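Observations on the three-dimensional arrangement
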Amino acid sequence: MTPKNKSWTRRAFLKAACATGAGSVMTLKNIPLSASEEAVAVPTRPFGKTGIEVPILGFGTSLHVSFSRLLLRQAFNWGVTYWDTANTYMGGNSEKAIGKYLDKYPQDRKKIFLVTKTHASTAKGRNRDLNLSLERMKTDYIDLFFIHSVWSVDELDNQTKSWAQKAKAAGKIRLFGFSTHSNMPECMLEGAKLDWIDAIMMTFNYRLMHTDKMRRAVDACVKAGIGLTAMKTQGGGQVRNDSQTELDLAGRFLQKGFTDAQARLKAVWQNQNIASICSEMPNMTILMANVAAAINKTKLATRDTQLLRQYARETRSGYCAGCTDICESAVAAEVPIGDVMRYLMYARSYDNRRGASHYLKKIPKKQCRQMINLDYSLAEQKCPQKMAIGKLMQEALKELS
Ligand code: SF4
């Protein structure tokens, strides 16, 4: 999974990175170049016990309104060959864009680790979604098929196990697992007990990775041989909190030759148990900056990590940690607080209001009306991040409707 591209040597890449402004984030000074002008290739890591090596940087496509074949081509050429999509992403356009790419470059298929997902909960629904994904992406197999956005391992029952085994036997999927944005440590701990889960993709970043629960969850998955992919690695929140630590961090990282965004990727990569990071890269500048971070060997110092943790503590009331078991059981109606918080994050931290609105509009109108009038005071008392849940729910509905 390390394609060579003779026209983009490491030296040429770094020169271009400097010229585009992504270079402001990496300097030639701290990336030693060999005289041999080696090609740019993102490093790889073993993906659990699957026997497959994946690049440490994956291409996420959940929020792209459209992405060009050129961007995918360049990602491929730099070794970003882990491509993550879902049948619902951008109303199916994400899978269709990948299909257009594979139609033009069918020879690349074997080198791409292709991941897609379904929300369907029945065998019939999963078959329908899997077949549609195969058709849209012009391929006859998916490397990794996820049950999408699992919030409790109860969703992974024997019927799911049997479906996964049949899909594998039919050669339509190679690996099976689930993604989770809610109650991640609990889902991972329970998932590790199931011998038919090959991989998990979970929210994981400098804010969450140091908690005891998350450490235990990662250890359990490693022991079980589960391949782990981190997502939401920037730890972007729902509220901007001014913090002197953030300024200090930005200055500190710039002196080392990278941005705070690149440092956050590095914080995750420093955990060797994480095989890959799935990152939204909607344009060439972000792709280039992330690739530069992936090939750069400078490690974060202990003090850098301490400062990131300090920043996480100072700004915790602006970041939803996805522990939906806590708040959603403390309100009088069934409302998806965690999902709404995530959409607000897409709008405010990813600067993608359009994508956020697209997802919010999928919540039934009746539920939206319930959300407005609900009393969130008990949920706010219980929230470990001390978030102003009621106010944020109101703001999300107003901003994104
Ligand atoms: S709002 Fe608070 S309790 Fe609810 S998921 Fe977010 S951090 Fe957890």
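Here the structure is shown first, and the text comes after it.
Below is a short write-up of the structure. (Residues numbered from 1 in each chain as written. Predicted model: local features only at pLDDT ≥ 70, side-chain atom pairs only at ≥ 80, totals over all residues. Heavy atoms only, no water.)

1. Focus: the pairing of strand β3 (residues 57-60)
Let me state the cut-off plainly: Only protein chains enter the area calculation, which uses a 1.4 Å probe; residues under 20% of their type maximum are buried, those over 50% are exposed, and those in between are partly exposed. Helix and strand labels come from DSSP, where a helix needs a run of H or I of at least four residues and a strand needs a run of E of at least two; each type is numbered from the N terminus. Pairing between strands is defined by DSSP: at least two bridges between the two strands are required.
Burial of β3 is two-sided: the residues Leu-57 and Phe-59 facing one way and the residues Gly-58 and Gly-60 facing the other way are all buried. Of the pairings in the sheet, the one linking β3 to strand β10 (residues 276-280) comprises four bridges and is parallel in character. Considered in β10, the bridge of Gly-60 is made with Glu-280. In terms of strand pairing, β3 meets strand β4 (residues 82-84) through three bridges, oriented parallel. Among the inter-strand pairings, Gly-60 is bridged to a residue of β4, identified as Asp-84.

2. Focus on the packing of aromatic side chains
Formally: Between 30 and 60 degrees the pair is tilted, below 30 it is stacked and above 60 it is edge-to-face, where a pair is any two Phe, Tyr or Trp rings, Trp via its six-membered ring, whose centres lie within 6.5 Å. Over a ring means this: the NZ of a Lys or the CZ of an Arg is within 6 Å of the ring centre and within 35 degrees of the ring normal.
Within this structure, the stated rule accounts for 14 aromatic pairs. Through a chain of ring-to-ring contacts, three or more aromatic side chains come together here, namely Phe-145, Trp-163, Phe-176 and Trp-196. Of note, Lys-266 hangs over the ring of Phe-258, and the distance from its end group to the ring centre comes to 5.3 Å.

3. Concerning the side chain of Thr-233
Test applied: Any two residues having at least one pair of non-hydrogen atoms within 4.5 Å are treated as being in contact.
Here Thr-233 lies in the loop between β9 (227-231) and α8 (244-256). Once residues lying within four places of it in the same chain are set aside, the contact partners of Thr-233 are Phe-204, Asn-205, Tyr-206, Arg-264, Leu-265, Val-268 and Ile-277.

4. As for the nonpolar core
The condition is simple: Throughout, nonpolar core names a set of buried Ala, Val, Leu, Ile, Met, Phe, Trp, Tyr and Cys residues whose side chains join them through atoms within 4.5 Å.
Residues Val-80, Trp-83, Phe-176, Met-188, Ile-200, Phe-204 and Leu-228 are the most contacted members of the largest nonpolar core, which totals 65 residues. No other element matches the six residues that helix α10 (residues 284-295) contributes to this core. Not counting chain neighbours up to four residues away, the residues in contact with Val-80 comprise Val-42, Pro-55, Leu-57, Gly-58, Phe-59, Ala-75, Met-281, Leu-287 and Val-291. One finds Cys-327, Ile-337, Tyr-359 and Leu-360 within the second-largest nonpolar core, a separate group that totals 34 residues.

5. As for the environment of Phe-76
Position of Phe-76 among the secondary structure elements: in helix α2 (residues 69-77). Take Phe-76: its relative accessible area is 4%, and that puts it in the buried class. In sequence terms Phe-76 and Ala-41 are 35 residues apart; their C-alpha atoms lie 9.4 Å from each other.

6. Remarks on the environment of Val-331
Structurally, Val-331 can be placed in the loop between α12 (324-328) and α13 (337-348). Assessed through its relative accessible area of 11%, Val-331 is described here as buried. Each residue touching Val-331, except ones within four places of it in the same chain, is listed here: Ile-337, Leu-374, Asp-375, Tyr-376 and Ala-379.

7. Notes on the sheet that holds β3
Within a beta sheet, neighbouring strands are joined by backbone hydrogen bonds and run either parallel or antiparallel to one another. Defined as follows: Helix axes use the C-alpha atoms of the stretch in contact, all axes being lines fitted to C-alpha atoms, and the angles between their N-to-C directions lie in the range 0 to 180 degrees.
A barrel is described by the order of its strands in space; here eight strands give the closed sequence β3-β4-β5-β6-β7-β8-β9-β10, paired in parallel fashion. The mean inter-strand angle of the sheet, taken between neighbouring strand axes irrespective of direction, is 25 degrees. Sheet topology places strand β7 (residues 173-180) next to strand β8 (residues 199-203); four bridges connect them, and they run parallel. By the bridge assignment, Thr-180 is partnered in β8 with Met-202.

8. Things to note about a positive patch on the surface
Basically, it comes down to this: Distance thresholds for patches are 9 Å for like charges and 5 Å for nonpolar side chains (Val, Leu, Ile, Met, Phe, Trp, Tyr), applied to residues having over 30% relative accessible area and no salt bridge. For accessible areas, the Shrake-Rupley method is used with a probe of radius 1.4 Å. Any residue's cover is judged against the shown protein chains and nothing else. Here, a salt bridge means any side-chain nitrogen of Lys or Arg that lies within 4 Å of a carboxyl oxygen of Asp or Glu. Counted as positive: Lys and Arg. Counted as negative: Asp and Glu. His and the chain ends are not counted at all. For the purpose of locating charges, the reference atoms are NZ of Lys, CZ of Arg, CG of Asp and CD of Glu.
Taken together, Arg-69, Lys-96, Lys-100 and Lys-104 make up a surface patch of like positive charges. Per element, the largest residue contribution to the positive patch is three residues, and it comes from helix α3 (residues 93-104). With respect to the element layout, Arg-69 can be found in helix α2. In this structure Arg-69 comes out as partly exposed when scored by relative accessible area, which is 38%.

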